[in-house]
Amino acid sequence: TPTAATGEGSAAAADGTPSFLVAPAPITEFDETRDYEVVVVGAGVSGMAAALSAAEAGAKIACVQREATPSSQGNMAAGVDLSQTSEAGKQALISYLSNRALLEAWADNSFEALAWFKEAASAGGIDVNPDEPQADRVLHINGYDVYLHANTYFRIGHDEVVKAIAPGAEAAGVEFFYSCPAVQLVTDEAGRVTGVVCEEDGKH
């Protein structure tokens with residue numbers, strides 16, 4: 001992975017800036033370039049879901065992964081069941097959190113996203129644990145009931161789930177690049193990310 005060891009970057013680090021905030025020297029020499037509409041970094045739960053949903057929407061997708069296979073940790077993801085939770089209950093839930101717009105987007109879409117992910121996992125041959133007591137919980141916040149639901153894959157884990165979803169994602173059009181870590185983002189003059197530099201066999 002390239003680092004800034006001389007010049008302006010090292011001066012910034014010497015001034016007390018943490019090294020992870022010092023921009024590395026841009027990588028400008030490439031063995032190969034490819035064009036995609038969406039590039040997803042990481043083939044864990046979030047990356048696999050992003051890649052598959054984008055492919056289902058018709059985009060040309062690449063998913064780059066540091067490891068040699070899809071990989072994820074954990075065994076549960078939770079969402080807000082809006083069929084049982086009132087709008088007031090949802091607002092009480094997100095009122096404690098700082099980025100309300102982001103959290104409201106999660107509250108409004110999480111249950112549907114979990115159902116979609118569950119279908120993708122089932123298509124890959126893995127189903128959630130039946131009657132898992134942790135799958136459904138009720139929070140009591142400021143007098144309102146908030147109903148949460150989780151996809152539970154105890155004794156299986158999301159690592160096996162993303163491996164099971166990968167063939168379906170490939171069939172939907174996702175092109176995976178394994179053992180190919182992302183090492184740098186490419187941005188335009190406005191700071192918008194326009195590309196991802198990856199490393200494979202010592203080449204970019």
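So, how was this worked out
Residues numbered from 1 in each chain as written. Predicted model: local features only at pLDDT ≥ 70, side-chain atom pairs only at ≥ 80, totals over all residues. Heavy atoms only, no water. Axes fitted to C-alpha atoms, helices over the stretch in contact; angles between N-to-C directions. Helix = DSSP H or I, 4+ residues; strand = E, 2+ residues; numbered from the N terminus. Parallel < 35°, antiparallel > 145°, perpendicular 65-115°, else oblique. Contact = heavy atoms within 4.5 Å. Nonpolar A, V, L, I, M, F, W, Y, C, P; charged D, E, K, R; others polar. Pairing = 2+ DSSP bridges. Salt bridge = Lys/Arg side-chain N within 4 Å of Asp/Glu carboxyl O. pLDDT = per-residue confidence, 0-100. Buried < 20%, exposed > 50% of the residue type's maximum accessible area, 1.4 Å probe, protein only. Polar contact = N/O pair within 3.5 Å; in protein donor to acceptor, adjacent residues only side chain to side chain.

1. Quick look at the packing of helix α4 (residues 100-123) against helix α5 (residues 158-172)
Describing two packed helices takes the angle between their axes plus the distance from one axis to the other. For the pair α4 and α5, interaxial distance at closest approach is 8 Å and the crossing angle is 70°. Compared by their axis directions, α4 and α5 come out roughly perpendicular. From α4, F117, A120 and A121 reach across to α5, where they touch H158, V161 and I165. Here the contact of α4 with α5 is built from residues that sort into five nonpolar, one polar and no charged.

2. Brief notes about the sheet that holds strand β5 (residues 144-152)
Strands sit in the order β3-β5-β4 across an open sheet of three strands; the sheet is antiparallel. If you trace the sheet from one side to the other, it starts and ends with β3 (76-80) and β4 (136-141), each paired once. Neighbour to neighbour, the strand axes of the sheet diverge by 30° on average, direction disregarded. The sheet contact formed by β3 and β5 spans five bridges and is antiparallel. Bridged to V80 within β5 is L148.

3. A closer look at the pattern of salt bridges
Counting across every chain of the model gives six salt bridges. Each of E87, K90, E104 and D108 takes part in salt bridges that share partners, so that together they form one network.

4. Quick word on the confidence of the model for the chain
Taken residue by residue, the chain gives an average pLDDT of 90. The fraction at 70 or more is 94%. Considering only residues more than four positions removed or in separate chains, one finds that residues 1-10, a stretch of pLDDT under 50, has 16 contacts.

5. Section: the side chain of T85
The residue T85 is located in the loop between β3 and α3 (87-94) in this model. Of the residues examined, T85 reaches a relative accessible area of 6% and is grouped as buried. A distance of 3.0 Å separates the side chain of T85 from the backbone oxygen of D81, its partner in a polar contact. A distance of 2.9 Å separates a polar side-chain atom of T85 from the backbone nitrogen of Y147. Residues in contact with T85, not counting those within four places in the same chain, are V80, K90, D145, V146 and Y147.

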